[in-house]
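Results of the structural survey
Below, each chain spelled out in residue letters.
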Amino acid sequence: TVSGGQVLQVGPLKPSLTATLSEKYDARTLPLGEDRSSFLAEHGETVTAVVTSGRTGVDAALMTELPNLGAIVHFGVGYDTTDVERAEELGIGVSNTPDVLTDCVADTAVGLLIDTLRGFSASDRFVRAGRWPAEGNYPLTRKVSGTRVGIVGLGRIGSAIAARLTGFGCTISYHNRREVPGSPFAYVDSAAALAAGVDVLIVAAAGGKGTQKLVDREVLEALGPGGYLINVARGSVVDEDALVELLTERKLAGAGLDVFTREPHVPEALLALDTVVLLPHVGSGTTETRAAMEALTLQNLDEYLAQGTLTTPVLDPRSR
Ligand code: 8YV
């Protein structure tokens, strides 16, 4: 049903993936700006598969302009930039790259947690600025082992974070859409109640409409002046304005953030705070994991082009 179709790249991708798509799949790239509408008028009908990422995705308007689109293949586990409800109505399949990045994102969460509580990045800046000889010992920080950690979203990544922190003697509890059967960790039925009972709140929930500002001002206030927030999921899951305000007013002890609402823009006020650790969305960013994500992206595309199905679908394609 899909043979002879055109592959379209939407948004920037890993350079090696872009090269493979153009060299081996004859893929075109959706132009930005003025050329976009003439490109779509000319080529839109031929496109059967899109390859994109959580940075760009495919919205409902673009789906309308690609009337023969059958699959949206994402490089990345998150697909919140694609309108999956509309894709489902249209019978368009959607895939992502689960599992292969779980370890690295969980490692990042633990690294951020340790850095935020122990102030390693801030103390590195202290050494580089020549302050050690001048000022003596670095101020004391917060012990990590044995802390009470609440995880928002106990999916693949949240579970991998919990497994790691169990080794640090942390007490783990979690909030999730629904209780996870057989989980050894305590389920708490709201994010605010979870935050009220922990020292560190880790956000590991999927982005998208269902989790928009799930961690709102009330949740952050429940975490309180002794509490820390770690986010390796999506900026949209947290009320970023409230977060910045509470951090600035020292009504939160600190935050470790790999994701932001308007990437690559980071709220200016955070840059001045030594209580926060700021990472440029590097959770899955290792050579090994990005290669595995690339391979799984191409495996999904190959399977779709050969037989109309996806290897790791979040939505199965229907024959169109
Ligand atoms: C990627 C991510 O960097 O997988 C995800 O959802 O956020 C990251 O692994 C991103 O998708 C690439 O644009």
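Residues numbered from 1 in each chain as written. Predicted model: local features only at pLDDT ≥ 70, side-chain atom pairs only at ≥ 80, totals over all residues.

Applicable threshold: UniProt positions are given in the numbering used here, feature names are shortened, and annotations may be inferred rather than shown by experiment.
Under the annotation held in an unreviewed UniProt entry, the protein chain carries the name Lactate dehydrogenase and is attributed to Rhodococcus koreensis. Within the UniProt record for the protein chain, the comment given under Sequence similarities (unreviewed entry) is "Belongs to the D-isomer specific 2-hydroxyacid dehydrogenase family."

**Focus: the overall build of the protein chain**
This is how it is decided: Every helix listed is a DSSP run of H or I at least four residues long, and every strand listed is a run of E at least two residues long, numbered separately from the N terminus. Every radius of gyration here is taken over C-alpha atoms, with the globule rule written as 2.2 Å times N^0.38, N being the number of residues. Exposure classification rests on a simple neighbour count of other C-beta atoms within 10 Å of a residue's own: a residue reaching 20 or more is buried, one at 12 or fewer is exposed, and one in between is partly exposed. C-beta atoms are placed from the backbone. Two residues qualify as a contact pair if the distance between their C-beta atoms, derived from the backbone, is within 7 Å.
Along its length, the protein chain carries 13 helices and 13 strands. On C-alpha atoms alone, the protein chain measures out to a radius of gyration of 22 Å, which is about the 20 Å that the 2.2 N^0.38 rule sets for 320 residues. Principal axes of the C-alpha set define a box for the protein chain whose edges measure 65 × 50 × 30 Å. Classification of the 320 residues of the protein chain by burial places 42% in the buried group. The long-range share in the protein chain, meaning contacts at least 24 apart out of those at least 6 apart in sequence, stands at 63%.

**Re the sheet that holds strand β12 (residues 276-278)**
In plain terms, the rule: DSSP-based pairing: two strands are paired if at least 2 bridges between them are found.
Spatial ordering of the open sheet is given by β8-β7-β6-β9-β10-β11-β12, a layout of seven strands whose pairing is parallel. The sheet is open, and its two borders are formed by β8 (186-187) and β12, each paired with just one other strand. For strand β7 (residues 171-175) and β8, the ladder comprises two bridges, and the chain directions are parallel. Paired with Tyr 174 across the two strands is Tyr 187, which belongs to β8.

**Re the site of the ligand**
Basically, it comes down to this: Any residue whose C-beta atom, as placed from the backbone, lies within 6 Å of a molecule or strand is termed near it. Think of it as three bins: nonpolar holds Ala, Val, Leu, Ile, Met, Phe, Trp, Tyr, Cys and Pro, charged holds Asp, Glu, Lys and Arg, and polar takes everything else, Gly as well.
In the vicinity of the ligand, the contacting residues are Ser 53, Gly 54, Arg 55, Phe 75, Gly 76, Val 77, Gly 78, Leu 101, His 281, Gly 283 and Ser 284. For the shell around the ligand, the residue count by class is three nonpolar, seven polar and one charged.

**Focus on helix α11 (residues 240-248)**
Just so we agree on the cut-off: Comment: arc refers to directions from the helix axis out to C-beta atoms.
Considered for burial, the residues of α11 that qualify are Glu 240, Leu 243, Leu 246 and Leu 247. The arc that holds the buried residues of α11, viewed along the axis, is 130 degrees, so those residues lie on one side. Arg 250 lies just past α11 and shows a positive phi near 60 degrees.

**Some points on the sheet that holds strand β4 (residues 71-75)**
Under the convention used in this document: The axes used here are C-alpha line fits, helices contributing only the stretch in contact, and every angle between their N-to-C directions lies in the interval 0 to 180 degrees.
Strand order in the open sheet made by the six strands is β2-β1-β3-β4-β5-β13, with mixed pairing throughout. Looking along the sheet, the strands with just one partner apiece sit at the ends: β2 (28-29) and β13 (313-315). Here strand β3 (residues 47-53) pairs with β4 via five bridges, running parallel. Its bridge partner being in β4, Thr 52 is matched across the sheet by His 74. Here helix α13 (residues 287-307) sits on the sheet in contact with β1 (6-9), β3, β4 and β5 (93-95), set at roughly 170 degrees to β4.

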